[in-house]
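# Chain and residue survey
As a plain string of letters, each chain reads:
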Amino acid sequence: MNVFIILAVSGILAMMAGVHGRKSLGLPVVITACLLALAAIYIPWPGDYSEYLHQMLMFDKVSDSFSSIMVFLSIGIFVLSYYYYPAGIQHLSDLYALFVFSLSGAFLLVSFHHLVMLFLGAEIMSIPLYILAASNRRNLLSNEAGLKYYLMGSFATCFLLLGITLMYGASGTYNITEIHEFVQRGGIDVPMFSAGMTLVFGALLFKLSAVPFHFWAPDVYEGSPTVLTAFVSTVVKIAVVGAIIRLISVINLSVVSSGLEITQVSFDHTPWFWLLVLASAASMIFGSIAALQQTELKRFLAYTGIFNAGFVLVPVLSGSSDHSRIILYYLAGYGIASILCFTIYAEIKKITGDNSMNSLHGLIHKNKSAGIAMILCLCSFTGIPPLAGFWGKFGILSVGISSQLLPLVICAIVTSLIGAFNYISLVIRIASPTSEQDSTYSIHPVFTAWILVGASLVVGLGLFPEFFQQIVS
Amino acid sequence: MLSLLSVIIPATFGFIAFFMPPKQSGRLSLVSVWATIGFTILAGLSLDATQSVQHVFRVPWFQAAGIDFYVGMDSLSHLMLLLSGFTALFAVLFTRMSSVDQKGRFLGLILLMQAAINGSFVAFDLFVYYIFWELSLIPAFFMLLLWGSENNRKTTLLFFLYTLAGSLFMLLAIIWLGQEGQAAGFSFEKIANLSLSPGVQNWLLIAFVVAFAIKIPIFPLHTWQADTYSSSPLPLTLMLSGIMLKMALFSLVRWVIPIAPIALEGIGKVFLWLSVAGVVYASVIALQQNELKRLFAWSSMAHVGLIAAGIFTLAPSGLSGAFIQMTAHTIHSAALLFVILLLMRWGACNDISAMGGLRRKNPFFGGLFLLFVFSSIAVPLTAGFPGELSILTALFSWNPWVSFLAGLSVILGAVYMLKAYQSIMLGSVNSAMMYNENSFQLSFLEKIMLLFLAFLILLVGLFPQWIIDWVNSPLQEILSKSNSLIQNN
């Protein structure tokens, strides 16, 4: 709870700084707050702070590990935003305040123990994002992104509420522990409860940009300011996956899969299990194939985000929460590489004004560190050892195999291959020799240093996977 | 520790050479390859050929998944390390002899590739093996992309994705194996001692063999090879054909036979037939080739198809013949590619039919080239013969028709190699060819290299028993275990 208080207060402070004309204080305030939040997660306070508000919030291992990764990635995003936003922009500190409010909502989303908290967390996280998506007010695409995100997000929230209501109607309680007991007594077969769970999962899948709720993602990713795209594709996804894990694990259903052969469908399976399976498979297929045609980098990364959403749903389907560490490892590796990609992309766009992937052509000759970092990120996405993405993929495939989700795992591998085609084509483009020998992109040295820090994190996480496990345990 | 050094030395020197100017990086790479060979010989002196894993280096790496960083050496690995050292030495020498721009980076990539390939030879943990297998692709990818011939984007992409596809299915099999058994773990001891049911072995075999079949290559997964070999710069072609495909062949013996012996007896027959079919297919295509490097590529496929067939027979003569033939094939690759390098430097073009009569220009070269050709054809007393004989014997015991087909390929091999030699070296000089001024001279170093290759060919041809004795013990152990599993079935 300390984390939430720190983040919320820092948001208010940032807004106040803006009101009093010191908007340059916004960024230091939020970065300090994130560092304090990390400390608050790791340094144990005296006393038992695990439950709050009459068991509406529960701070356990899953919550701590997910929120620490989210805060860590947010620090990276704030560093990016320092170079992204021009200094004289209006409402600068308000933008930071909105980010931090969204982060605090994400924090609630991974710590909920009461269905109303699930709703609150989702809303607190999403509403600032709608505003931020449209924050580039002069840009038509940004306005489109904000409007689309807001409208579709509100629909999703409606479904979330309806689902929560149905679950309450079936079980008679909002508290997760009591719902767990209801389920143990056979509540899983109650149709109203299943319907409620299906709707709740549908809403959460929307936030995750999984098929068939993905239609907002490419336009919103493309139109929003790059900093917001980085935030949505990393932190928001982590939060939503954390929420899904909590929902499944706390309800503690052991989901037994008998594969996807149509002739053996057992009617004991709930509809939301099939929703998740189909969403996972379809996201992987759609995300990898649709990315083939993309020419604009942010849309390309949106489709790879859809692919990753499908990929990360595979261990979620295993039904137990022991795999949250593996999922988190995958998301952390994906998050760091993603933020690095967006960082480099934002800088290149600022230099060349060209936002298509052609600006990446021959990048490694124009600016070595940016080119190498970009290649490392793309290789991490492909899953080449010993980078961070490889261990994440390995972990998820292991979980998939041990939970007997073999058809889904094969789908994951085949679509990974298509994804590999996408990423390696881009790597080839980056490494190709260019005809214009004298054009180089000069990047501020401190920014280059940050790019190299990010790249070494990607490599380091890959070389020392144990280190990560120790951090989040 | 010595096994770890075979990975660390090339890797470190490779990294450093990457950033250095051409002249220093050339010297540094030579230091690196000689140091690696030196340490490999040192390790071999203290290696007991009859025992299993020695020179072990094992630290826990990713405990949650049971992965240890476990490397070690037995005499099989040691032979492969020697071959890899030899190949890297010649690759570095080729690079120094040719005009490659940004030599430092190229040499760095060669050394990194050698490090990854060495890693796959010394790995005794299946996951570590997989990581090195994947890692070896990356330097090859960049070398092909940045230093290859024109319009090679498609070739590079095909090469990388084709190999990656096989590797991903192998990863599935590896992950599954790691979870089998009492504890999660990927060490060789655990995996080799899993006794799996035939059905499971079948699909594991398919997953592994598909990945290796792409690499070797075995018909029909070979389509990436000809384009890749001919678009690559010559040192990369040497690394690919000299040692990278040996990774796949070696892994068949080290990992696949212990894991899936029953399946190898069963559906492995199909792979044997496919290998031999590929040998004949490649030989026929090689007959029609007019380009030097493409001819080399198809002849390479013909030879390694035979090695793969030898391994699939699961007979002692087949396996030991396969290892001798692997040695011979590495020497042949270096020799024939050296010949191609020299021919290209003298102004010969890629088209064989346009050349002629070069023997008169440099008889020393002509004679040794002929020796290399003879060895490639498996003339007795040269390196190519003992292995071929053993493998054909094993194939005959397996099924006489298969050995008839394989024997056909020997004949076809003679045809295309001798035909190529004839068009290049014999006859009259083609006056339309513009040869360089002061052409056809060989420097002292080049003469030494040619003589060294000839010496190795004769050495392996006259004393193959040394190789057989060296690798005998691990092979016997592998075969006896697999035979007992087959009999118990």
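Just so we're clear, the structure is a prediction, and the values are computed from it rather than from any experiment. (Residues numbered from 1 in each chain as written. Chains lettered and ligands numbered in written order. Predicted model: local features only at pLDDT ≥ 70, side-chain atom pairs only at ≥ 80, totals over all residues. Heavy atoms only, no water.)

Attention now moves to the overall build of chain A. Of the regular secondary structure elements, chain A holds 19 helices and 2 strands. In terms of overall size, chain A behaves like a compact globule, its C-alpha atoms giving a radius of gyration of 21 Å where 473 residues would be expected to give roughly 23 Å. Considered along the principal axes of its C-alpha atoms, chain A spans approximately 70 × 55 × 45 Å. The 473 residues of chain A split such that 62% are buried. Sequence separation of 24 or more characterises 79% of the internal contacts of chain A that already satisfy a separation of 6 or more. In the structure as shown, chain A presents an accessible area of about 17400 Å², 67% of it carried by carbon and sulfur atoms. (Helix = DSSP H or I, 4+ residues; strand = E, 2+ residues; numbered from the N terminus. Rg over C-alpha atoms; globule rule 2.2 N^0.38 Å. Buried < 20%, exposed > 50% of the residue type's maximum accessible area, 1.4 Å probe, protein only. Contact = heavy atoms within 4.5 Å. Areas by Shrake-Rupley, 256 points an atom, 1.4 Å probe, with all protein chains shown as cover.)

Below, the discussion takes up the pattern of salt bridges. Applying the stated criterion across every chain yields a total of 8 salt bridges over all chains. Close ionic contact of K148 of chain A with D219 of chain A constitutes a salt bridge, the shortest N to O distance being 2.8 Å. Of this pair, K148 of chain A sits in helix α6 (residues 140-171) while D219 of chain A is found in helix α9 (residues 216-223), placing the two residues 71 residues apart along the sequence. A salt bridge links E446 of chain B to R345 of chain B; the nearest nitrogen and oxygen atoms lie 2.8 Å apart. Placement of the pair is E446 of chain B in helix α18 (residues 444-462) and R345 of chain B in helix α14 (residues 316-345), with a sequence separation of 101 residues. Each of the salt bridges in this network shares a partner with another, and the network as a whole consists of E144, K148, D219, E222 and R299 of chain A. (Salt bridge = Lys/Arg side-chain N within 4 Å of Asp/Glu carboxyl O.)

This paragraph deals with the interface of chain B and chain A. Of the residues lining the interface, 32 residues belong to chain B; the matching set on chain A comes to 35 residues. Summed over both partners, the interface of chain B with chain A buries about 2900 Å², with 83% contributed by carbon and sulfur atoms. The three residues of chain B that bury the most area against chain A are W61, F62 and L172 of chain B, which together make up 20% of that side's buried surface. One can count 0 salt bridges joining chain B with chain A. (Buried area = accessible area lost by both parts, 1.4 Å probe.)

A word on the packing of helix α16 (residues 384-398) of chain B against helix α17 (residues 400-425) of chain B. All names here are of chain B. Between α16 and α17, the shortest axis-to-axis distance is 6 Å and the interhelical angle comes to 150°. It follows from the interaxial angle that α16 and α17 lie roughly antiparallel. Contacts between α16 and α17 involve E388, L392, L395, F396 and W398 from the former and P400, V402, S403, A406, G407 and V410 from the latter. Of the residues contributing to the contact of α16 with α17, the split by class is 8 nonpolar, 2 polar and 1 charged. (Axes fitted to C-alpha atoms, helices over the stretch in contact; angles between N-to-C directions. Parallel < 35°, antiparallel > 145°, perpendicular 65-115°, else oblique. Nonpolar A, V, L, I, M, F, W, Y, C, P; charged D, E, K, R; others polar.)

Turning to the pairing of strand β1 (residues 54-62) of chain B, a few remarks are in order. Residue and element names in this part refer to chain B. Sheet topology places β1 next to strand β2 (residues 67-73); 6 bridges connect them, and they run antiparallel. Residue pairing for β2: P60 is matched across the bridge by D68. Adjacent in sequence and paired antiparallel, β1 and β2 are bridged by 4 residues, among which G66 carries a positive phi angle near 75°. (Pairing = 2+ DSSP bridges.)

A few words on the packing of helix α10 (residues 234-259) of chain B against helix α13 (residues 292-312) of chain B. All names here are of chain B. Across the interface, α10 lies against α13 with an axial gap of 11 Å and an inter-helix angle of 10°. With respect to α13, the element α10 is oriented roughly parallel. Residues L234, T237, S241, L245, L249, L252, V253 and I257 of α10 pack against K293, F296, S300, V304, I307, A308, I311 and F312 of α13.

Since the α-helix packs 3.6 residues into each turn, any two residues three or four apart lie on the same face. Summarising burial for α9 of chain A: 8 of the 8 residues are buried, a large majority. By the burial criterion, the buried members of α9 of chain A are W216, A217, P218, D219, V220, Y221, E222 and G223 of chain A.

This part takes up unusual backbone geometry. A cis amide bond links V211 of chain A with the next residue in sequence, P212 of chain A, at an omega value of 0°. Secondary-structure assignment places P212 of chain A in the loop between α8 (191-208) and α9. Of the consecutive residues F219 of chain B and P220 of chain B, the connecting peptide bond is found in the cis state with omega at 0°. Topologically, P220 of chain B is positioned in the loop between α8 (198-215) and α9 (223-231).

What follows is about the environment of L208 of chain A. In this structure, L208 of chain A sits in helix α8. With sequence-adjacent residues up to four places away left out, L208 of chain A is seen in contact with K237, V240, V241, I244, A309 and L313 of chain A.

For β2 of chain B, the buried fraction is high: 7 of the 7 residues fall into the buried class. Burial of β2 of chain B is two-sided: the residues I67, F69, V71 and M73 of chain B facing one way and the residues D68, Y70 and G72 of chain B facing the other way are all buried.

For the rest of this paragraph, the subject is α6 of chain A. Residue and element names in this part refer to chain A. Taking 1.5 Å as the rise per residue, α6 with 32 residues should run 46 Å; its terminal C-alpha atoms sit 46 Å apart, in good agreement. Between a side-chain oxygen at the N-terminus of α6 and the backbone nitrogen of L141 the separation is 3.0 Å; the capping residue is N139. The first or second residue beyond α6 is G172, which carries a positive phi of 85°. (Expected span 1.5 Å × (residues − 1). Polar contact = N/O pair within 3.5 Å; in protein donor to acceptor, adjacent residues only side chain to side chain.)

All right, on to the layout of surface pockets then. All names here are of chain B. Looking at the second largest pocket, its volume works out to about 730 Å³. Among the elements of the structure, α2 (22-45), α3 (75-97), α14, α18 and α19 (464-488) are those that each provide at least two residues to the lining of the second largest pocket. Ranked by residues supplied to the lining of the second largest pocket, first place goes to α3 with 6 residues. Grouping the amino acids of the lining of the second largest pocket by side-chain chemistry returns 19 nonpolar, 3 polar and no charged. (1 Å grid on protein atoms, 1.4 Å probe; cavity = no way out; pocket = protein on both sides within 12 Å on 5 of 7 lines; lining within 4 Å. Points joined across faces, edges and corners; volume = space filled by probe spheres on them.)

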